[in-house]
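# What the coordinates show
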Amino acid sequence: MTRLATPSMNSAAGEKLDRFMSGLIKRNPGEPEFHQAVQEVAESVIPYVLEHPKYDEAQILERMTEPDRIVIFRVTWEDDDGNIRANRAWRVQFNKSIGPYKGGMRFHPSVTQSLLKFLGFEQIFKNSLTGLPMGGAKGGSNFNPKGKSDREVMRFCQSLMIELSRHIGEDTDIPAGDIGVGAREIGYMFGQYMRLTNRFTGVLTGKGLAFGGSLVRKEATGYGAVYFMRNMLELKGEGIDGRTVTVSGSGNVALYCIEKLIELGAKVVTASDSAGFIHDPDGIDAHKFAWLKDLKEIRRGRISEYAEQFGCEYHDGKRPWGVPCELAFPCATQNELNGDDAKRLLANGLVAIAEGANMPSTLDAVHAFLDATILFGPAKAANAGGVAVSGLEQSQNSLRISWSREEVDRRLKDIMKGIHEKCVQFGDDGNGYVNHVRGANIGGFVKVADAMLAYGIV
Ligand code: NDP
Ligand code: 2IT
């Protein structure tokens, strides 16, 4: 890890940050993603905590970086050829100070405890920013759903839920989707939870519309990131219409980010998956989008097929950040945009960036964007729309009603606006620049910290 303190910090804050991070790294060896996520928060929160000694005296940040508990378990299942397979799964229950644990499940071969701790930690702040009563959690498994049959995915999900069901509940911990976990996986997990408990409750979100799901949940993260971008641009009296935009990913978040961008008149010129990216200089229009959505959601195909279908360029093994654009939306995965990518985007005239994925920018990239004083919407603010509508799904389940599409979308817009206002409240530099990273980190921190103070030494 590079030297930790940032140049803009005073020496007391710099020393505390160095000491704090050294301790955290020592206590959590071999967890680089977790270290990175904590450092990004600590760079903002430590100066604030030193100005507000009640948080420092109560060791709030130290306590907040230690999960309440982590459940680790084996998931054994049988594949279609009769082979017995074993995976590892986790649920990281990080912090429940402001509500029951809430956060997605990720199924991907790269899943480790470090990855889920970074995601669970981020979720504390993100959920706090939404204004809804949700604590922070994340879970997942190193299971790879790619190339598996529906029956194999079902058997895996059922086996996983046998153990997970002991640790979750509608007032305890409410999982949802993330990479590799969509409507299909949520359906299998919810079905198994019902069999095991004989109760129909809102224990998972992202459910199908036929069994307690919410309208707009599927679209919420992507739409929310675009609404957040619009809120940021309004600070400069600007908008989305007519902008050239790069998007990475082509999963749940990327697809609905693209859909909303098209609707608002932007020209989206890229999309990607883990194998490469397409560059369509004419822009993905509504017709091409419908084809892309079918390719990814129904046929589970590869992004290279888009280039074959529409005769545009496909760049194998590359990421889209060299393509000139005014707005960028990284929507695939963590650390997909590094310091060099950031410099290239800035040199090509980038105006604003909103993170649809969790921690897609490396720390170098974050610092480059902030140093260039461009509008930078960090993940915990910009992609909070997904978990926000999950919170609305829980409310509808508890009330035993379903709101209309318009009603949920209106609430989503209001929540994204509220998050943006919180970023301005805590991130306004006073010289015309809003540092949304600091705003989101401190804005998310304060509510959780105040709850923890109220509980005493727990
Ligand atoms: P999906 O599984 O639907 O899609 C993931 C996309 O990212 C795919 O295009 C996938 O390509 C690509 N991808 C995954 N891993 C890698 C990798 N290692 N390198 C390059 N590309 C990769 O997931 P989501 O769209 O739900 O999630 C995307 C991001 O958004 C994640 O960071 C997630 O944590 C975050 N997020 C998701 C929310 C949600 O509601 N779903 C809410 C808030 C944040 P391929 O198909 O080739 O694997
Ligand atoms: O990272 C995230 O916020 C999600 N994957 C959504 C979590 C949720 O509970 O809807």
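Preceding block: the structure.
We now turn to the structure provided with this report. All figures in this text were calculated on a predicted structure; none of them were measured in a lab.

### A short note on the overall build of the chain
Each helix and strand counted, the chain has 17 helices and 13 strands in total. The proportion of buried residues among the 458 residues of the chain is 58%. Residue pairs at least 24 apart in sequence account for 70% of intrachain contacts in the chain once pairs closer than 6 positions are excluded. As displayed, the chain offers around 18200 Å² of accessible surface, 49% of which is attributable to carbon and sulfur atoms. The average position of the 54 basic charges and that of the 57 acidic charges among the side chains of the chain differ by 5 Å.

### Quick notes on the site of ligand 1
Around ligand 1 sit 25 residues, and of these Lys-146, Asp-178, Ser-274, Arg-302 and Asn-358 come closest. Asp-178 is positioned such that a nitrogen or oxygen atom in its side chain is 2.7 Å from an oxygen atom of ligand 1. In this structure, an oxygen atom belonging to ligand 1 sits 3.0 Å away from a main-chain N or O atom of Gly-180. Coverage of ligand 1 by the protein amounts to 83% of the 900 Å² it exposes when considered alone. Of all the secondary structure elements, the ones that give two or more residues to the shell around ligand 1 are helix H8 (217-234), helix H9 (252-263) and strand S8 (270-273). Within the shell around ligand 1, the residues separate by chemical class into five nonpolar, 13 polar and seven charged.

### A closer look at the pattern of salt bridges
Under the definition given, this model contains 33 salt bridges. For Asp-173, the salt bridge goes to Arg-91, with nearest N and O atoms at 2.7 Å. Of this pair, Asp-173 sits in strand S5 (residues 173-176) while Arg-91 sits in strand S2 (residues 84-95), and the two are 82 residues apart along the sequence. Taking the relative accessible area as the measure of exposure, Arg-91 reaches 0% and is therefore buried. Residue Arg-405 pairs with Glu-219 through a salt bridge whose shortest N-O separation is 3.3 Å. Placement of Arg-405 in helix H16 (residues 405-427) and of Glu-219 in helix H8 is noted, with a sequence separation of 186 residues between them. Classification of Glu-219 by relative accessible area gives buried; the value is 8%. Because the salt bridges share partners, they merge into one network encompassing Glu-407, Arg-410, Arg-411 and Asp-414.

### Let's talk about helix H5 (residues 113-129)
Between its terminal C-alpha atoms H5 stretches 25 Å, which fits the 24 Å expected from 17 residues at 1.5 Å a residue. Remark: the principal bend of H5, roughly 25 degrees, maps to Gln-123. With 16 of its 17 residues buried, H5 lies for the most part within the structure. In the stretch just after H5, Gly-131 is the one whose phi turns positive, near 85 degrees.

### Here we look at the site of ligand 2
The environment of ligand 2 is made up of 14 residues, and the closest members are Lys-102, Gln-123, Lys-126, Asp-178 and Ser-390. Interatomic distance of 2.8 Å between a side-chain N/O atom of Lys-126 and an oxygen atom of ligand 2. Note that an oxygen atom of ligand 2 is positioned 3.0 Å from one of the side-chain N or O atoms of Arg-217. Of all the secondary-structure elements, those providing two or more residues to the shell around ligand 2 are strand S3 (101-107), H5 and helix H15 (385-399). Of the residues assigned to the shell around ligand 2, the class counts are two nonpolar, seven polar and five charged.

### So, the packing of aromatic side chains
All told, the structure shown has 20 aromatic pairs when counted by the stated rule. Ring centres of Phe-369 and Phe-376 lie 5.4 Å apart, and the angle between their planes is 20 degrees; this geometry places the pair in the stacked category. Accessibility classification places Phe-369 together with Phe-376 in one group, the buried group. Lys-288 extends its terminal NZ or CZ atom over the ring of Phe-310, reaching a point 5.9 Å from the ring centre.

### Concerning the side chain of Asn-127
Position of Asn-127 among the secondary structure elements: in helix H5. Classification of Asn-127 as buried rests on a relative accessible area of 0%. There is a polar contact of 3.2 Å between the side chain of Asn-127 and the backbone oxygen of Lys-102. Among the polar contacts listed, one links the side chain of Asn-127 to the backbone oxygen of Gly-135, at a separation of 2.7 Å. Sequence-distant contacts of Asn-127, that is, excluding residues within four places in its chain, are made with Lys-102, Leu-132, Met-134, Gly-135, Gly-136 and Val-387.

### What to know about the packing of H9 against helix H10 (residues 286-298)
Closest axis-to-axis distance for the H9/H10 pair is 11 Å, and the angle between their directions is 170 degrees. Taken together, the axis directions place H9 and H10 in an arrangement best described as roughly antiparallel. Residues Leu-255, Tyr-256, Ile-258, Glu-259 and Ile-262 of H9 pack against Ala-286, Phe-289, Leu-292, Lys-293, Lys-296 and Glu-297 of H10. Grouping the amino acids of the contact of H9 with H10 by side-chain chemistry returns seven nonpolar, no polar and four charged.

### Digging into the sheet that holds strand S7 (residues 267-268)
Across the sheet, five strands lie side by side as S7-S6-S11-S12-S13; this open sheet has parallel pairing. On the outer flanks of this sheet lie S7 and strand S13 (375-377), each paired with one strand and no other. Direction of pairing for strand S6 (residues 244-248) relative to S7: parallel, over a ladder of two bridges. Residue pairing across strands places Val-245 opposite Val-268, the latter belonging to S7. Docked against the sheet, H8 engages strand S11 (327-330), strand S12 (352-354) and S13, running at close to 150 degrees with respect to S12.

Cut-offs and rules
Residues numbered from 1 in each chain as written. Chains lettered and ligands numbered in written order. Predicted model: local features only at pLDDT ≥ 70, side-chain atom pairs only at ≥ 80, totals over all residues. Heavy atoms only, no water. Helix = DSSP H or I, 4+ residues; strand = E, 2+ residues; numbered from the N terminus. Buried < 20%, exposed > 50% of the residue type's maximum accessible area, 1.4 Å probe, protein only. Contact = heavy atoms within 4.5 Å. Areas by Shrake-Rupley, 256 points an atom, 1.4 Å probe, with all protein chains shown as cover. Lys, Arg positive; Asp, Glu negative; His and termini not counted. Charge placed at Lys NZ, Arg CZ, Asp CG, Glu CD. Near = heavy atom within 4 Å. Polar contact = N/O pair within 3.5 Å; in protein donor to acceptor, adjacent residues only side chain to side chain. Nonpolar A, V, L, I, M, F, W, Y, C, P; charged D, E, K, R; others polar. Salt bridge = Lys/Arg side-chain N within 4 Å of Asp/Glu carboxyl O. Expected span 1.5 Å × (residues − 1). Bend = angle between axes of the 7 residues up to and from the residue. Phe/Tyr/Trp six-rings, centres within 6.5 Å; stacked < 30°, edge-to-face > 60°. Lys NZ or Arg CZ within 6 Å of the ring centre and 35° of its normal. Axes fitted to C-alpha atoms, helices over the stretch in contact; angles between N-to-C directions. Parallel < 35°, antiparallel > 145°, perpendicular 65-115°, else oblique. Pairing = 2+ DSSP bridges.

Shape is all these values report; function is a separate question.
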